[in-house]
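Here's the letter readout for the chains.
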Amino acid sequence: MAITKPVVLPADMTDAYAIKSVAQGEGGPNEQIRAFRWIIDELCNTYGMSFDEESSRMTDFNEGRRHVGRSLVNIINENLGQIETKGPRGL
């Protein structure tokens, strides 16, 4: 089934409260993890399909979403010392 609308709000309001808490600098460790997981998995659809059989434009949009998620995941998984040495394009 094609993705016709991008996700803009969490289905679970606990995720929304976690994101809000983190944005306000008040989120504890569990809220930080929950917020970041929702951003990576749901908002960015990092590990999902980009292709939308009904719209090449939505496919392009979905690829943009995934790019943001993959960029965040790369920062998490990379050795930050190497990034400082190589510069941001060194990934």
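Being a predicted model, the structure only gives us computed values, none of them experimental. (Residues numbered from 1 in each chain as written. Predicted model: local features only at pLDDT ≥ 70, side-chain atom pairs only at ≥ 80, totals over all residues. Heavy atoms only, no water.)

**Details of the side chain of Thr59**
- Within the secondary structure, Thr59 is located in helix α3 (residues 56-77).
- On the accessibility criterion, Thr59 (16% relative accessible area) is buried.
- With residues near it in sequence (within four places) discarded, Thr59 still touches Ser50, Phe51 and Asp52. (Helix = DSSP H or I, 4+ residues; strand = E, 2+ residues; numbered from the N terminus. Buried < 20%, exposed > 50% of the residue type's maximum accessible area, 1.4 Å probe, protein only. Contact = heavy atoms within 4.5 Å.)

**A word on the pattern of salt bridges**
- Scanning the model with the defined rule gives three salt bridges in all.
- In this structure, Asp15 engages Arg34 in a salt bridge whose closest nitrogen and oxygen atoms are separated by 2.4 Å. Here the residue Asp15 occupies a position in helix α1 (residues 13-23), and Arg34 occupies one in helix α2 (residues 29-43), the gap between them amounting to 19 residues.
- Note on Asp15: relative accessible area 11%, which makes it buried.
- With relative accessibility at 31%, the residue Arg34 sits in the partly exposed group.
- Because the salt bridges share partners, they merge into one network encompassing Asp12, Asp15 and Arg34. (Salt bridge = Lys/Arg side-chain N within 4 Å of Asp/Glu carboxyl O.)

**Things to note about unusual backbone geometry**
- Positive phi values are uncommon outside glycine, yet Asn45 reaches one of about 50 degrees.
- Mapping Asn45 onto the fold places it in the loop between α2 and α3.

**With respect to α2**
- Under the 1.5 Å per step criterion, the end-to-end length of α2 is 20 Å for 15 residues, consistent within 8% with the ideal 21 Å.
- The set of residues buried in α2 consists of Ala35, Trp38 and Ile40.
- Check the buried side of α2 and you find it contacts α1 and α3.
- One or two residues past the end of α2 sits Asn45, with phi positive at roughly 50 degrees. (Expected span 1.5 Å × (residues − 1).)

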